[in-house]
Amino acid sequence: MSSHRAAAPSPDEVLTAALDIGGTKIAGALVTADGVLVHRVRRATPARDSADVLLGTVHEVVSALAAHPSWERVRALGIGSAGPVDLTRGTVSPVNIPAWRDFPLAASVAAHPALADRRVVLAGDAVAMTAAEHRHGAARGYGDALCLVVSTGVGAGLVLDGRVHHGLTGNAGHLGHISVDFDGEPCPCGARGCLEGIASGTAITRHAQSLGWRPSPASGTPDASAVAAAARAGEPAALAAFDRAARALAAGIAATAALVEIDIAVVGGGVAQSGAVLFGPLDHHLRRYATMPFLRRLRAVPAELGSDAGLVGAAVLADAGAPVGAGALVDDGR
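Each value, and the rule that gives it
- Residues numbered from 1 in each chain as written.
- Predicted model: local features only at pLDDT ≥ 70, side-chain atom pairs only at ≥ 80, totals over all residues.
- Heavy atoms only, no water.
- Core = buried A, V, L, I, M, F, W, Y, C linked by side-chain atoms within 4.5 Å.
- Buried < 20%, exposed > 50% of the residue type's maximum accessible area, 1.4 Å probe, protein only.
- Helix = DSSP H or I, 4+ residues; strand = E, 2+ residues; numbered from the N terminus.
- Contact = heavy atoms within 4.5 Å.
- Expected span 1.5 Å × (residues − 1).
- Arc of directions from axis to C-beta.

**Student:** How do you make sense of the nonpolar core when you look at a structure like this?
**Tutor:** Across soluble globular proteins, nonpolar side chains have a tendency to be buried as a group. Ranked by internal contacts, the top residues of the largest apolar core, which has 44 residues, are Leu146, Leu148, Trp213, Phe242, Leu249, Ile253 and Leu282. Those elements that place two or more of their residues in this core are strand S8 (145-150), strand S9 (154-160), helix H4 (196-199), helix H5 (201-210), helix H6 (224-232), helix H7 (236-260), strand S11 (264-268) and helix H8 (276-289). A per-element tally of this core places H7 first, with 12 residues. Look past the residues within four positions of Ile253 in its chain and what remains in contact with it is Leu146, Leu148, Leu175, Ala265, Leu282, Leu286 and Leu298.

**Student:** How should I be thinking about helix H1 (residues 51-66) in this particular structure?
**Tutor:** For an α-helix, 3.6 residues make a turn, and residues three or four places apart therefore share a direction. Between the first and last C-alpha of H1 there are 22 Å, a value that for 16 residues agrees with the 22 Å anticipated at 1.5 Å per step. Taken residue by residue, H1 has Ala51, Leu54, Leu55, Thr57, Val58, Val61, Val62 and Leu65 as its buried positions. In a view along the axis of H1, the buried residues occupy a sector of 155°, so they form one face of it. Summarising the contacts, the buried residues of H1 are in contact with strand S1 (15-21), strand S2 (25-31), strand S3 (37-44), strand S4 (74-81) and helix H2 (105-110).

**Student:** What's the story with unusual backbone geometry in this structure? I'm lost.
**Tutor:** Excluding glycine, residues mostly carry a negative phi; peptide bonds, for their part, are mostly trans. The step from Gly83 to Pro84 runs through a cis peptide bond, and the omega angle for that step is 15°. Although it is not a glycine, Asp102 sits at a positive phi angle of roughly 55°. Mapped onto the elements, Asp102 comes out in the loop between strand S6 (91-92) and H2. Positive phi, close to 55°, is recorded for Asp161, a residue that is not glycine. Note on placement: Asp161 falls in the loop between S9 and strand S10 (163-165).

Everything listed here is a matter of coordinates, which is why it stays silent on function.
Encoded structure:
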């Protein structure tokens, strides 16, 4: 089921509000139990401004949602935020939002007057995407799955025994910062050879340029989509860059599958929009790394929910309440 649609809710339908907070945009929506967005709001993220200005933009999105006639049927609000997150404290420290370090996002959003009698649930954005794909998308019907967001970074989340697995702090499945190259380049996180540093859209572009690729005048800004277009046209450096990224992704997916026995890996994000130039070599390399008998059913498939996955997943998690053992639920006994 795609969430890329909007519809008027029935008069008695319970809705869930959702926020998707990243380095470029703060999106909000009212979401039905079927994952349909009935109203949406979007603002640019003032990522270089102060913590208060950032929170003001979040509150502006909440206010715009609360002004919708269907708001009275909203029972909870879910937040999918760039991370790392800390669900035990309800805080976030997004790498691409410098002013928020250990910022108490869950409590700060819950303080909005429109949320006075509604619970607020926080999760990492990749975990929210995982919840969406498991409930409504490519991972539905699977008890154990890995869902990845491959974009300017690489995020991921796990479904184990039929449930989204948050981990102690909400960062379980953070595949972008496992090392797939022990002698690789230093990563800003402090490690070396991280998956994100090889397979992200930024890394693909950088590696293609190091091999001599240059964007055509028609393609404009050099980015992963321009590299993908060159790869589809058979440009060797572009093909090599995507092959390298796919090999790193395959190594990370296969290692995760060997550890927890997943059957499917769902890959979303901007880089996944490249289609066959990513999924072709990814399937090839996955067969090379996932060699144990219990891994032979493992597949990597495209995500189904696109850019709405974060909002849909935040709503799914808010419906479910706080993760067990985590402090992501804010209701103050109200």
